[in-house]
Every structure is written in C-alpha cells, then in structure tokens.
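Architecture and fold: a report
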Amino acid sequence: MTALDTGDVDELEQALVAARSGDERGFATVWRELHPRLLRYLRGRGEESPEDLAAETWMHVVHGLSSFEGGVPEFRAWLFTIARHRAVDRGRARTRTPALVSVPDPIEVVRQVPTTPSAEDEAVGNDATSRALALVATLPPAQAEMVLLRVVAGLDVAEVARLLDKQPGTVRVGVHRALRSLSQTLGHRAGGGE
C-alpha cells in the first residue's frame, strides 16, 4: 500500500473543505479515496457485512461533517473511530439478539440475475490483499487491530493509541511485534514449513 503523495493530500484537503460546506463532488472525492481503506479495515476485523457497516459509518460522517473541524489526518482518524465504534456496537448487539435464519424463496433465487462486482470489490478481492488480510487475522486480536489501523487505515501511532486507549509506545511495540511475527510466518511458509 502506498502513501499519498503531496498532490493527492492537497486535493483531498480541498475536497474535504468543499464536502464540509455541502459540496457533493468534494464528498465524492473524499469517499473515493477513503472508502476502499475503510472496507479493507472492516474486512480485516472479520465483520460479517462490512459493506453495510461502511454505509452506516458514512451516514454518521454525513450527519456530523458540517461540524467536523480538522484536516485530512484528523478526518481519517474520525472516520475510523466511527467505524470501530459502529463495529463494536454491532458486535454487542449480536450477542444480545438471537440470530434469525431466513430462508430465501427458491423461485426468487432462480430469478436473480448475477451482478458484476464493483471496482472496490474487485480491488479488495485481489488475491494478494486477501492473503494479507487473512495473515493479519492470524494475529492476536489486539495486535491485528493495531496493524489494521496503522497499515490499512493509515492512521499514525498517536491516533491509533488514542482510539485504542493505549500508550503510543505500546502501539509501536505491538505493531512491530505483529509485523515481525507476520514476517517470520511468511519466511516459514516460503521455506516449505507450511
């Protein structure tokens, strides 16, 4: 994953300012830049329906955008904070609510026309990305969350520490250990130890 270059950040900053004042094109630019990262983060967390959760997250963003203050780094942190809180809330609700199983009407299943995946789904479904997210999922949950927020979401150490209520040093060490563990796992697999 590549970091945004200065031109992209300036364009995103301008789009964010426009979006805050209600400009739809500005919001579309912000959404196009950050939505794929948001989906990867939610998929990496193992969420059951990451697209629905991302939509909920963006709805919260839309409602609070006019009062949001800050630049792109603060917006990114705010976006992923909302997503994480929505995911935690959904997880709590799942444990309190019995699961309902719905059985589709067989006639409707036959009538359904297959759709082509969206560009975002194809990009996220990329084999390398899927393998990387699967590998991150093998980490202990706290380390996986740190890696997802640092690497996939692109948040800095201070933002991750604040979001997870940890010390920045704890985040640095946790991410370092997680990446070292992933590196060793990859080395082990490459060496034929799988």
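For the structure itself, consult the block above.
Since we're looking at a predicted model, the values are computed, not measured. (Residues numbered from 1 in each chain as written. Predicted model: local features only at pLDDT ≥ 70, side-chain atom pairs only at ≥ 80, totals over all residues. Heavy atoms only, no water.)

As for the packing of helix 2 (residues 24-44) against helix 8 (residues 141-152)
- Between helix 2 and helix 8, whose axes approach to 10 Å, the crossing angle comes to 165°. Judged by the angle between their axes, helix 2 and helix 8 are roughly antiparallel. Helix 2 and helix 8 meet at a crossing whose hand is right-handed. Side by side, helix 2 and helix 8 meet where Arg37, Arg40, Tyr41 and Gly44 of the first sit next to Glu145, Leu148, Leu149 and Val152 of the second.
- Partitioned by chemical class, the residues of the contact of helix 2 with helix 8 number four nonpolar, one polar and three charged. (Axes fitted to C-alpha atoms, helices over the stretch in contact; angles between N-to-C directions. Helix = DSSP H or I, 4+ residues; strand = E, 2+ residues; numbered from the N terminus. Parallel < 35°, antiparallel > 145°, perpendicular 65-115°, else oblique. Left-handed = near helix turned anticlockwise from the far one by under 90°. Contact = heavy atoms within 4.5 Å. Nonpolar A, V, L, I, M, F, W, Y, C, P; charged D, E, K, R; others polar.)

Observations regarding the pattern of salt bridges
- Scanning all chains against the criterion turns up eight salt bridges.
- Across the pair Glu47 and Arg45 runs a salt bridge whose closest N-O atoms are separated by 3.1 Å.
- Take Glu47: its relative accessible area is 10%, and that puts it in the buried class.
- Exposure remark for Arg45: the relative accessible area of 26% places this residue in the partly exposed category. (Salt bridge = Lys/Arg side-chain N within 4 Å of Asp/Glu carboxyl O. Buried < 20%, exposed > 50% of the residue type's maximum accessible area, 1.4 Å probe, protein only.)

What to know about the packing of aromatic side chains
- Counted by the stated rule, this structure contains five aromatic pairs.
- Plain terms: the ring middles of Tyr41 and Phe80 are 5.5 Å apart, the flat faces sit at 85° to each other, and that makes the pair edge-to-face. One end of the pair, Tyr41, is in helix 2; the other, Phe80, is in helix 4 (residues 72-96), with 39 residues separating them in the sequence.
- Here the aromatic rings of Phe68 and Trp78 are separated by 5.0 Å at their centres, their planes lie at 25°, and the arrangement is stacked. In this pair, Phe68 is assigned in the loop between helix 3 (50-64) and helix 4 and Trp78 in helix 4, connecting sequence segments 10 residues apart.
- Exposure remark for Phe68: the relative accessible area of 7% places this residue in the buried category.
- For Trp78, a relative accessible area of 23% gives the class partly exposed. (Phe/Tyr/Trp six-rings, centres within 6.5 Å; stacked < 30°, edge-to-face > 60°.)

A few points about the packing of helix 2 against helix 3
- At a closest axis distance of 10 Å, the pairing of helix 2 and helix 3 adopts a crossing angle of 140°. Regarding the angle of helix 2 to helix 3, the classification is oblique. Judged by the twist between their axes, the crossing of helix 2 over helix 3 is right-handed. Counting all contacts with helix 2, which are made through Phe27, Val30, Trp31, Leu34, His35, Leu38, Leu39, Leu42 and Arg43, the residues of helix 3 involved are Pro50, Glu51, Leu53, Ala54, Thr57, Trp58, Val61 and Val62.
- Of the residues contributing to the contact of helix 2 with helix 3, the split by class is 13 nonpolar, two polar and two charged.

As for the environment of Leu139
- Locating Leu139 in the fold gives a position in the loop between helix 7 (127-136) and helix 8.
- Exposure remark for Leu139: the relative accessible area of 7% places this residue in the buried category.
- Separated by 42 residues in sequence, Leu139 and Ser181 have C-alpha atoms that sit 8.2 Å apart.
- Once you skip the residues sitting within four places of it in the chain, Leu139 turns out to touch Ala144, Val147, Ala178, Ser181 and Leu182.

Digging into the nonpolar core
- One finds Phe75 and Leu149 to be the most contacted residues of the largest nonpolar core, which totals 45 residues.
- Within the residue set of this core, elements represented by two or more residues are helix 1 (6-20), helix 2, helix 3, helix 4, helix 7, helix 8, helix 9 (157-164) and helix 10 (168-190).
- Counting residues per element, this core draws most heavily on helix 4, at eight residues.
- Not counting residues within four places of it along the chain, the set of residues in contact with Leu149 comprises Tyr41, Phe80, Gly154, Leu155, Val160, Leu163 and Leu164. (Core = buried A, V, L, I, M, F, W, Y, C linked by side-chain atoms within 4.5 Å.)

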